[in-house]
Each structure stands twice: as structure tokens, then as C-alpha cells.
Amino acid sequence: MDKPLILICNDDGIDARGIHALACALDGLGELVVVAPESEQSAVGHSITMRDPVRAHPVAFEVPSGPIAAFAVTGTPADCIKLGCNRMLDRFPDLVVSGINQGPNTAVNVLYSGTVSAASEACILGLPAIAVSNCSWSADADFEIAGSFARQIAEKVLSKGLPAGVLLNVNVPATEAGDVKGIEITRQANARWEEEFSPRKDPFDRTYYWLTGRFVNLDDSGDNDLAAIDRGYVSVTPLQLDLTAYDHLDTLRSWNWESSAD
Ligand code: MN
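Rules used in this analysis
Residues numbered from 1 in each chain as written. Predicted model: local features only at pLDDT ≥ 70, side-chain atom pairs only at ≥ 80, totals over all residues. Heavy atoms only, no water. Axes fitted to C-alpha atoms, helices over the stretch in contact; angles between N-to-C directions. Helix = DSSP H or I, 4+ residues; strand = E, 2+ residues; numbered from the N terminus. Parallel < 35°, antiparallel > 145°, perpendicular 65-115°, else oblique. Left-handed = near helix turned anticlockwise from the far one by under 90°. Contact = heavy atoms within 4.5 Å. Nonpolar A, V, L, I, M, F, W, Y, C, P; charged D, E, K, R; others polar. Salt bridge = Lys/Arg side-chain N within 4 Å of Asp/Glu carboxyl O. Buried < 20%, exposed > 50% of the residue type's maximum accessible area, 1.4 Å probe, protein only.

1. Focus on the packing of helix H2 (residues 77–88) against helix H4 (residues 114–124)
Where H2 contacts H4, the two axes come as close as 7 Å, and the packing angle between them is 30°. Taken together, the axes of H2 and H4 lie roughly parallel to each other. Once H2 is placed against H4, the crossing between them reads as right-handed. Facing Pro77, Ala78, Ile81 and Lys82 of H2, the residues of H4 in contact are Gly114, Ala118, Glu121 and Ala122. A breakdown of the residues in the contact of H2 with H4 according to their chemical character gives five nonpolar, one polar and two charged.

Written out as C-alpha cells, the structure reads:
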């Protein structure tokens, strides 16, 4: 195969440390092109821009081997993948890698995450895709460890491929390099947010709300993404985009459905 073409995206914005660390980690693995949001798009999920124009402008982006093509986009991560594949690249990429996100994207958060949605959009386009998140929220978080795992996993996906409709969601624990115990293949944990909308007052004495909450793990099995990270492993979860509940199809078909509209 020719030098693989690798499209890089994220949701923290093109100036975030994580995307720079990712591009540096993938340097030499193929031709790298960055198409990423101009500003932070965390938790925008899979939203796309339909009623406003999307603009893109080239920006300087350096990796150790030299400058690479990079575009800042006034849209969401999903927009970046669509636009990148449609306009910025002269052929479909061989791999899409999204990240490295600041903060984990485990359990149900894969649905809220812009990082994962960039990879999901690539998956919809039929491309192998990986989302990578670093579990640390710290402003001086180390992205090199996550970068080295991202490279290792990207190499594996380039050589082995992924089935259609499947992407990999990778979460790297917030520990020192020597403390990461290895890679575990995991399920998405059963966990959810217990949310609270904290009421505040604006300067005009009108009430507004701010979303707060705490993340609650309801999963006591050992093979889920949260459990693996807690044990110090990099969690790799294969995600699929077909959300059909196949186990429920027969039950639903067995209900007494009327054959006419009245
Ligand atoms: Mn983010």
C-alpha cells in the first residue's frame, strides 16, 4: 500500500494540546492531514451544521518531521470529517483518528462526545476510525503516553482493518507511563449522569440554569471501560453504529399489530 493517508480531528479545537500530541505521535506513519474545529466543540455529539455556512482556513501545524496540511473549520467534529473527506483531501483517508481528548469518553459519554462523533462520522463513510481520550482533566496533563498508545493502535488498525460499521473508542488512564499496565478490550460500561440544573440569576434578575452532575457507575462487571481504566489499563472498546436492539425484534413483532391505519 502507498503511504497511508491519515485524517486527524478532535473536539477540543485545533489549538488544543491533545491534537498536536496526536499528530506528533502519528508522525511517520503516513501522510497526515488535520481538519479540526476552530474552537472547542466538546459535548456537541454528532451534530452537523445545516443552516449556516461552514468556513475553513489553512493553519500552520508542525510535527517533528516538518509542517503538515491543517485546516481550522467553523463547525462541529462531524462537519470536519464530512468537509475534510469531501473537499480537503484528494482521496478518502485510510484511517481517521480523533483526539486526543482532554478527559475520558467512557460509557454513555460516547453519545455526547464530539471526539467519538468524529470517528463515528468516519465510520458512517466506511472508513476505519479511532477515537482517543486521555482521562486526565489536568491543564498540564501528559499527552505523550496516550499518543504512544494511539500510534500503536493506529498501526494495528492500518494492518488489520476494522469491520464495516465498527470504530474503536480508546481511553488512556491518567497515570505515569510506567504505571499503565497495558491494553484491555472492554465493553461500554453501564453508567450515567445524575444531573442537576443549578439555578442562577443573570444581571437582569432572570433565572438561568447551569448543568452540573456526577457520573455514577452502575456496572459491577469487570470487563467494562471504566473498570479497566480504574485498574490502570488502556481501554479499547469496539463501538458499532447500528443501534438496533436485535434481541427485541421478535418480541416487538409478536405484539398484535393492526394491519390498517384505523
Ligand atoms: Mn473534548
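Once the structure has been displayed, the description carries forward.
2. Some remarks on the pattern of salt bridges
Opposite charge on two side chains permits them to pair, given that their charged atoms come into close proximity. Counted according to the given criterion, the structure contains nine salt bridges. The salt bridge involving Glu184 is made with Arg231; its shortest N-O contact spans 2.6 Å. Taken as a pair, Glu184 in strand E10 (residues 182–185) and Arg231 in the loop between helix H6 (225–230) and strand E13 (233–240) lie far apart in primary sequence, 47 residues in all. Here Arg231 falls in the partly exposed class, since its relative accessible area comes to 33%. Linking Arg253 and Asp250 is a salt bridge whose minimum nitrogen-to-oxygen distance equals 3.7 Å. Here the residue Arg253 and the residue Asp250 both occupy positions in helix H7 (residues 249–254), the gap between them amounting to three residues, near one helical turn. According to the relative accessible area criterion, Arg253 is exposed, its value standing at 59%.

3. Digging into the packing of helix H1 (residues 17–26) against helix H5 (residues 144–160)
Each pair of packed helices gets described by two things: the angle between the helix axes and the distance between those axes. For the pair H1 and H5, the least separation of the axes is 8 Å and the interaxial angle reads 50°. One way to sum up the angle between H1 and H5 is to call them oblique. Where H1 crosses over H5, the handedness of that crossing is right-handed. Of the residues in H5, those in contact with Leu22, Ala25 and Leu26 of H1 are Gly147, Ser148, Ala150, Arg151 and Ala154.

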